[in-house]
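# A structural walkthrough
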Amino acid sequence: MMAERRILIVGGGIGGLAAAGALHRLGAHVTVVERAPAWQPLGAGLMLSANALAVLDALALGAMVRTRSVALPSVALRSADDVLLQAVSYSAEPNRLEAPRGMHRAALHDVLLHGAAGVTMQLGTSVQAIAPLDGGVQVTFTDAREATFDLVIGADGVHSHMRALAFPDSTAVVRYAGYTCWRTVMPNGANLTGVVELWGRGKRIGLVPLPDGQLYVFLTANATAGERDPVRGAHAVVAARFREFAGDARPVIATLAARDDLPLLRHDITELSDQLWVRGHAALLGDAGHATTPNLGQGAGMALEDALSLVHALRTHRAIADALTHYQAQRAQRVADIVRTSRRVGQMGQWTHPVARALRDTAMRLTPAWVGDRTMRALVQPGIALARAANSERH
Ligand SMILES: Cc1cc2nc3c(=O)[nH]c(=O)nc-3n(C[C@H](O)[C@H](O)[C@H](O)COP(=O)(O)OP(=O)(O)OC[C@H]3O[C@@H](n4cnc5c(N)ncnc54)[C@H](O)[C@@H]3O)c2cc1C
């Protein structure tokens, strides 16, 4: 069934490469077009939760990902003055949830590229136009070539061009969440092993250990959209903005201020106002169809879940239209839950009003650990179930 299909994937990021490798292994003729002229080590770090890891296992990439990442045995939420608000810890006992893992984003991309070996990749290329055909899609590429495909998958990220081509009538917009985010990677001087997130007044700092003694650091702050750092001295300016943070954040801020050679990425945090999934023989996956705020560390997880769900639907349905209907039905509610929860966590985390923050912090301090544990489990369980189902039906 799959061997006859010609599938185009637009975007060689996390979701696109995951889908490409899996479809290729099933015998489909897969082409990936990627706008970037070369694969570059983009981004800082990532946290992969148990659902993302289960999907990577189902894609036969879990072992490689575990080799190139570190287990994060605990997640602690603290106030800016370092009072513990909430903690979740993971143990290696059987039937317990697997601990999340910290990984360089470039390393994950590398593993996914390895998993997509054999796929036709065209770098520096994108799609100019698409036109529906009977049972397929006619594609015009940016270099003016034309080709037909049975299915076109848009995996080209939050500012997806495929989204505009497949849904020209859509009113979905990329919406600013009200806060901006800096990301960097620096030496893990304090040898932190677990994740620490500190919540201050309209600001947060997150510390995520990575392999090779490195630490992924993200910092968020309420800001007007499009605000930019000075070209010179940005590190010191950003560090000064977070100087009130105590505990594990203090040496991190000092390092940031002192080391202007560290990479420093800045992105305004956004989300897509409405989900978009399938239209004719075109489908979106990952950020292209439902970009979410990153507060649950689940953006890559959702792109990976989408990829597995779509591949599984294509494998188990004879008609592409039926597969796409199944894909949307399987994903829409799951993604809506993540997007909504992530938005809410981000809004609460960015609160500035002292009374609201005091109530929030007290409520978190009084919440028993088992509630946090259960919330975390509920967050990842649907993805683990998806991976199990895809695995069991394959064998
Ligand atoms: C600050 C921040 C922190 C985050 N932290 C985490 C985290 O800890 N855990 C987590 O799971 N997620 C996290 N995310 C989210 C995660 O990075 C994204 O959700 C994830 O990368 C989405 O994967 P994707 O495949 O949809 O898109 P991407 O990985 O963005 O890939 C899109 C690809 O398409 C290419 N492309 C773009 N336009 C075109 C075009 N017109 N034609 C061809 N190719 C094109 C791009 O070059 C890119 O290669 C974070 C996001 C942010 C902003």
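What you see is a predicted model, and the numbers here were worked out from it, not measured in a lab.

### Thoughts on the sheet that holds strand 3 (residues 45-48)
Strand order across the open sheet formed by 3 strands is 3-7-4, with antiparallel pairing between neighbours. Because the sheet does not close on itself, it has two edges, and the strands there are strand 3 and strand 4 (70-71). Here 4 bridges tie strand 3 to strand 7 (residues 101-104), and the two strands are oriented antiparallel to one another. For Leu46, the partnering residue across the bridge sits in strand 7 and is Met103.

### What to know about the packing of helix 6 (residues 234-241) against helix 7 (residues 249-258)
Packing of helix 6 against helix 7 brings their axes to within 7 Å, and their N-to-C directions diverge by 155°. Between helix 6 and helix 7, the crossing angle belongs to the class labelled roughly antiparallel. Helix 6 and helix 7 meet at a crossing whose hand is left-handed. Facing His235, Ala236, Val238 and Ala239 of helix 6, the residues of helix 7 in contact are Ile253, Leu256 and Ala257. Each residue belonging to the contact of helix 6 with helix 7 can be placed in one class, and the counts come to 6 nonpolar, 1 polar and no charged.

### With respect to the site of the ligand
Around the ligand sit 30 residues, and of these Gly15, Glu34, Arg105, Ser126 and Asp287 come closest. The contact in question runs from a nitrogen atom of the ligand to an N or O atom on the backbone of Arg35, over 3.1 Å. Here an oxygen atom of the ligand sits 3.0 Å away from a polar atom, N or O, in the main chain of Met47. Burial of the ligand by the surrounding chains reaches 86%, relative to a free accessible area of 1000 Å². Of all the elements in the fold, those that place two or more residues in the shell around the ligand are helix 1 (14-25), strand 2 (29-34), strand 3, strand 13 (174-187) and helix 9 (299-316).

What counts, and at which threshold
Residues numbered from 1 in each chain as written. Predicted model: local features only at pLDDT ≥ 70, side-chain atom pairs only at ≥ 80, totals over all residues. Heavy atoms only, no water. Pairing = 2+ DSSP bridges. Helix = DSSP H or I, 4+ residues; strand = E, 2+ residues; numbered from the N terminus. Axes fitted to C-alpha atoms, helices over the stretch in contact; angles between N-to-C directions. Parallel < 35°, antiparallel > 145°, perpendicular 65-115°, else oblique. Left-handed = near helix turned anticlockwise from the far one by under 90°. Contact = heavy atoms within 4.5 Å. Nonpolar A, V, L, I, M, F, W, Y, C, P; charged D, E, K, R; others polar. Near = heavy atom within 4 Å. Polar contact = N/O pair within 3.5 Å; in protein donor to acceptor, adjacent residues only side chain to side chain. Areas by Shrake-Rupley, 256 points an atom, 1.4 Å probe, with all protein chains shown as cover.

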